[in-house]
Each structure stands twice: as structure tokens, then as C-alpha cells.
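Single-letter residue listing:
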Amino acid sequence: MNEQMEVIWMAENEADTVRLAGLLASWAVPGTVLALDGDLGAGKTRFSSAFAAGIGVPGVVNSPTFTIIKEYMGAQLPLYHMDVYRLSEDEADELGLDDYFFGDGVTIVEWASLIEALLPPDRLQMYITHLGGEARRIAITGIGARYVAWCQQIQAIGARNE
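These figures come from a predicted structure and were not determined experimentally.

1. A few points about the overall build of the chain
Per the secondary structure count, the chain includes 5 helices and 7 strands. Reading the chain from its N end, one meets helices and strands in the order β-α-β-α-β-β-α-α-β-β-β-α. Here the chain has a C-alpha radius of gyration of 14 Å; the compact-globule value for 162 residues is 15 Å, and the two agree. The contacts of the chain with a sequence gap of at least 6 include a subset with a gap of at least 24, amounting to 64%. Split by element, the accessible area of the chain, about 7500 Å² in all, is 51% carbon and sulfur. Of the side chains in the chain, 10 bear a positive and 22 a negative charge, and the two mean positions are spaced by 8 Å.

Below, the structure is given as C-alpha cells:
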């Protein structure tokens, strides 16, 4: 089993969510995988949009719900933004996701828990809970040494362990 660490990021407002996304974007390298989950309206796409801005993707980044995968070119890295809500695990497997996960860009998968068996062993898992208004609780689990180090850095700047 891979090394793991969980921290909790409390976002009192949208700016706190954007701050977290920007922080993670600043650490992104080719092959980075963010697995996002949360209820409808929790803020997965808003987080993804802020992350995209953080890696220099120009313009609007919206949910790829019906297109499944949208590709964007950032200033430093490409972004592969996926929404697998409408896919079965078998359908997702046919898409050749490893080409994205282990490619030269960053992959964000919304509704990632639906294809958990297909996700790479090392990844950053995030679960966003809507607390009312703009407040969010973001549970961040680093799986694998690189992402555990990210969690340690997040903890050092104000997130907490639970």
C-alpha cells in the first residue's frame, strides 16, 4: 500500500478555494493527477477552473460533463479535465486514460471515485463538501510520496489533520 496522508482545508469563501487551487497548481508537474469528488454543486468545477488559471490556461474552463474530456494548453503544462459522472468503469477504461494520467500534462478527474480502479496508484484525492454559502471543507488525501509531501506543505500553511 502506498504511503498516505490526509489534511483538511477549510475554505470560508471562494477566495480560499481559489488559493488552494493556485497553491496546488504551483506544484504541478507532468503526470500530476487530481481526483475530485463531492456532491453536485460542491465546487469541483470551480476548483478545476482556478487550478487551470494557476497553470496559465487562458479563458474559461467549464465542466466537461457531456464531452467527458477537455484538453487545454496552459503556459507551462497541458491540462486534461475529465468528468466521468456519466461513464461506467468499463466505458472509462476504453478511453485510454493512462495516456492522460502518465502523459506530459496535469489531469483533473471530477467524480473520480466512479473510476477508482482505473486511477493511477499515486494521486491527490480531494473531497469537497459544501457547508453552506461559500464555505467548503476540502479533505485532501495524498497517495504516494510526492502527494504526501504536498499534504505536509498544505498542513504547514494552515490545513489540519483529522
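Alright, that's what it looks like, and here's the rest.
2. Re the pattern of salt bridges
Close approach of charged atoms lets side chains of opposite charge pair. Inspection of the entire model under this criterion finds 2 salt bridges. A salt bridge links Glu14 to Arg46, with the shortest nitrogen-to-oxygen separation between them at 2.4 Å. Taken together, the residues span a long stretch of sequence, with Glu14 in helix H1 (residues 14-27) and Arg46 in helix H2 (residues 44-54) at a distance of 32 residues. Put simply, Glu116 and Arg123 hold a salt bridge, and the shortest N to O gap is 3.6 Å. Looking at Arg123, the relative accessible area reads 8%, which means it is buried.

3. Observations concerning H2
Among all positions of H2, only Lys44, Phe47, Ser48, Ala50, Phe51 and Ala52 are buried. In the segment just after H2, Gly56 is the residue with positive phi, at about 85°.

Cut-offs used in this document
Residues numbered from 1 in each chain as written. Predicted model: local features only at pLDDT ≥ 70, side-chain atom pairs only at ≥ 80, totals over all residues. Heavy atoms only, no water. Helix = DSSP H or I, 4+ residues; strand = E, 2+ residues; numbered from the N terminus. Rg over C-alpha atoms; globule rule 2.2 N^0.38 Å. Contact = heavy atoms within 4.5 Å. Areas by Shrake-Rupley, 256 points an atom, 1.4 Å probe, with all protein chains shown as cover. Lys, Arg positive; Asp, Glu negative; His and termini not counted. Charge placed at Lys NZ, Arg CZ, Asp CG, Glu CD. Salt bridge = Lys/Arg side-chain N within 4 Å of Asp/Glu carboxyl O. Buried < 20%, exposed > 50% of the residue type's maximum accessible area, 1.4 Å probe, protein only.

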